[in-house]
Amino acid sequence: MSHTSHTATLAAQSRIGSSLILKAGIAGLVIASGALAYQAYQTLWLPFDGYGAADMSYLQQELPASLSGGDLTHFHSQGMAFEQEAPNLSWGLSAAFDRGDGVFERAFTPSVASGWRGDADGVGPIFNHNACEACHQADGRAKPPEGPDEVIEGGFVRVSIPGTGPYGEPLSPPGYGAQLGDRAIDGVKPEAKVRVNWIEEIGQFPDGETYSLRKPEFLISELAYGPLPKDTVYEMRMAPPVFGLGLLEAIPEATIQSWADPEDKNGDGISGRPNYVWDLERGGKIMGRFSWKANAFDIRQQSAIAAYKDMGINNELFLYRHDDQATNHKARQNCEPEQTACLAAHDSLDFEMRPDQLKDITTYLQLLGVVYRRNMDDPAVQKGEQLFHSIGCESCHKSVVQTGEHEISRLENQLIRPYSDLLLHDMGEGLSGRRDFEATETEWRTAPLWGIGVTETVNGHTNFLHDGRARNVQEAMLWHGGEAQQARNSYMQLTREQRQLLLNFVNNL
């Protein structure tokens, strides 16, 4: 063999060896990458995939009509019915749920100079309550005061004057916030003493049965920061239940838009429309779907708003206030420019609700399960359901809807029965309050009805509507006016037996 041939052979063998080493290296890299990806899947993605390992075939044995929250429906209808974690969560979501539950129940304390409890410091200086659950008791509805001798424990009185702020929000009176803070830390005066008196009005059905409706009269005294203008609008807001919110968040915006008919083109008397509110994180207008007037975009923003305005707890969305005073007033605390003692109070110099706590409390509220609809196979309940549809309640209280995409896959593609379209509807002058972004004085978001029949068991009362004026389902229906006037009139014309059938149906939701 010539020297040249031998050299070429050695070079070829070297290339083959190098190629084999390269291929082996690539194969090893692929295997290592696969192992790393699998480990990442196991530790980072799978724990938050939505489902745990439990068998959920038991749902197939239930009446489909009973599954209010799809496979997030639970079957606990006693005192803790609104606090239930959605069944069979993955361990990562379950852990986040538990952490969020702890934040939701925590009583926040005033800021202290030592900083030794930085995770809980910072309530106030002026506030309405010191814990989420203090208003959303057992995650359900708050009960309004019985009369002027009681404080408002589960809500507050909103105040506004004509005009709007730079983001389209209601304009608050000089010296006061959007809601009267009736509590404060030591050294700071509450904004006012707030009490409620109820004014009764007697009515009668065509068949002679009588009923009584009541509305609140506000007794505002001890104003600490100047008089309130004569054109101030007052409106009490009681805390609503918070279960099932993640499913409502997962309803596609296109679906909600498809229900809207602001010009009543179909001539049915119903002209629902969405509210458009300010997006606190990205700026610009966005469709609202939460709170009594659909004045909050999503659960995260609603939670941040409540923390700051109800409890005086700043967070990453409210490190500084941004509202009708924002152009000339920056404050880490929820203090008005005139509230000098509030502004001078000790500042914790940190997030009072940390970003991880806001995330956990959002996850908690997204994954609260929904109690099942009871007695759906009872012929009497079915007759009540037929009456509910025949008099037009379904026009706003949409009974069946499919959820769409969501950051938590567990909330996606669920067939749910919330009994709401999340739209604003004109409810008539009887329920007139204050404007809120694009919602007029008489417009309110359709309140979901799921779980309504368990309210008395969980919260010990049956008070409904935004201010709790209705003492039962019938009174809530009788307050319906505006777009709902026709449905109310139809209800009035039912026989006493038919009315009871309809009420029994609603109380089994």
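Residues numbered from 1 in each chain as written. Predicted model: local features only at pLDDT ≥ 70, side-chain atom pairs only at ≥ 80, totals over all residues. Heavy atoms only, no water.

**Student:** Any chance you could break down the side chain of arginine 158 for me, citing the residues and the numbers?
**Tutor:** Its place among the elements puts arginine 158 in strand S3 (residues 155-164). Among the polar contacts listed, one links the side chain of arginine 158 to the side chain of glutamine 179, at a separation of 3.1 Å. Those residues within four positions of arginine 158 in sequence are excluded, and the remaining contacts are Ala178, Gln179, Val233, Tyr234, Glu235, Arg237, Asn295, Arg434 and Asp436. (Helix = DSSP H or I, 4+ residues; strand = E, 2+ residues; numbered from the N terminus. Polar contact = N/O pair within 3.5 Å; in protein donor to acceptor, adjacent residues only side chain to side chain. Contact = heavy atoms within 4.5 Å.)

**Student:** Could you give me a rundown of the packing of aromatic side chains, with the residues and numbers involved?
**Tutor:** Inspection of the entire model under this criterion finds 14 aromatic pairs. Centre to centre, the rings of phenylalanine 205 and tyrosine 491 are 6.1 Å apart; their planes meet at 70 degrees, and the pair counts as edge-to-face. Highlighted residues: phenylalanine 205 in the loop between strand S6 (193-204) and strand S7 (210-221) and tyrosine 491 in helix H12 (residues 485-493), separated in sequence by 286 residues. Taking relative accessible area as the criterion, phenylalanine 205 reaches 1% and is therefore assigned buried. The class for tyrosine 491 is buried, based on a relative accessible area of 1%. Relative to phenylalanine 505, the ring of tyrosine 419 has its centre 6.2 Å away and its plane inclined at 65 degrees; by these criteria the two rings are edge-to-face. With tyrosine 419 in the loop between strand S13 (415-416) and strand S14 (424-426) and phenylalanine 505 in helix H13 (residues 496-506), the pair connects residues that are 86 residues apart, well separated along the chain. The exposure classification of tyrosine 419 matches that of phenylalanine 505, with both residues buried. (Phe/Tyr/Trp six-rings, centres within 6.5 Å; stacked < 30°, edge-to-face > 60°. Buried < 20%, exposed > 50% of the residue type's maximum accessible area, 1.4 Å probe, protein only.)

**Student:** A description of the environment of phenylalanine 388 should follow, citing residues and the corresponding values.
**Tutor:** Here phenylalanine 388 lies in helix H9 (residues 379-390). In this structure the C-alpha to C-alpha distance between phenylalanine 388 and leucine 502, which are 114 residues apart in sequence, comes to 6.1 Å. For phenylalanine 388, the residues in contact, after removing those within four places along its chain, are Cys393, Glu394, His397, Tyr419, Leu449, Leu502, Phe505 and Val506.

**Student:** How would you sum up the layout of surface pockets? Please name residues and give values.
**Tutor:** By volume, the largest pocket amounts to about 730 Å³. Taken together, 36 residues line the largest pocket, and the ones lying closest to its centre are His397, Met427, Thr446, His480 and Ala484. Listed by contribution, the elements that provide at least two residues to the lining of the largest pocket are strand S15 (443-445), helix H11 (473-478), H12 and H13. Looking at the lining of the largest pocket, its residues break down into 22 nonpolar, 9 polar and 5 charged. Lining the second largest pocket are 20 residues, and of these Lys359, Thr363, Gln366, Glu407 and Ile408 sit closest to its centre. Elements that contribute at least two residues to the lining of the second largest pocket include exactly helix H2 (91-105) and helix H8 (355-366). Here the lining of the second largest pocket takes 6 residues from H8, the largest share from any one element. Broken down by class, the residue content of the lining of the second largest pocket amounts to 5 nonpolar, 5 polar and 10 charged. (1 Å grid on protein atoms, 1.4 Å probe; cavity = no way out; pocket = protein on both sides within 12 Å on 5 of 7 lines; lining within 4 Å. Points joined across faces, edges and corners; volume = space filled by probe spheres on them. Nonpolar A, V, L, I, M, F, W, Y, C, P; charged D, E, K, R; others polar.)

**Student:** Requested: an account of the state of the cysteines, with residues and values cited.
**Tutor:** As enumerated under the stated definition, the model contains 1 disulfide in all. The disulfide partner of cysteine 335 is cysteine 342, and the S-S distance across this bridge is 2.0 Å. Classification of the bridge connecting cysteine 335 and cysteine 342 rests on its S-S torsion, roughly -70 degrees, and on that basis the disulfide is left-handed. The structure places no disulfide on cysteine 135, whose sulfur is separated from the nearest cysteine sulfur, that of cysteine 132, by 8.7 Å. Lacking any disulfide linkage, cysteine 393 is separated from the closest cysteine sulfur, that of cysteine 396, by 8.9 Å. What makes cysteine 393 buried here is its relative accessible area of 12%. (Disulfide = S-S within 2.5 Å.)

**Student:** Tell me about the packing of helix H6 (residues 299-311) against H8, and name the residues and values.
**Tutor:** One way to put it is that H6 packs onto H8 with a least axis distance of 9 Å and a crossing angle of 120 degrees. One way to sum up the angle between H6 and H8 is to call them oblique. Between H6 and H8 lies a crossing of right-handed hand. Of the residues in H8, those touching H6 at Ile299, Arg300, Ser303 and Ala304 are Leu358, Ile361, Thr362, Leu365 and Gln366. Grouping the constituent residues of the contact of H6 with H8 by class yields 5 nonpolar, 3 polar and 1 charged. (Axes fitted to C-alpha atoms, helices over the stretch in contact; angles between N-to-C directions. Parallel < 35°, antiparallel > 145°, perpendicular 65-115°, else oblique. Left-handed = near helix turned anticlockwise from the far one by under 90°.)

**Student:** Give me the lowdown on the pairing of S3, citing residues and values where you can.
**Tutor:** Counting buried positions along S3 yields 7 of 10 residues, so the element is predominantly enclosed. By the bridge criterion, 6 bridges tie S3 to strand S8 (residues 233-238) in an arrangement that is antiparallel. Its bridge partner lying in S8, arginine 158 is registered against glutamate 235. Bridging between S3 and strand S4 (residues 170-171) involves 2 bridges; their strand directions are antiparallel. Bridge pairing in S4 places isoleucine 161 opposite leucine 171. Taking the residues that link successive antiparallel strands as the turn, the S3-S4 hairpin has 5 residues, and the phi of glycine 168 there is positive, at about 90 degrees. (Pairing = 2+ DSSP bridges.)

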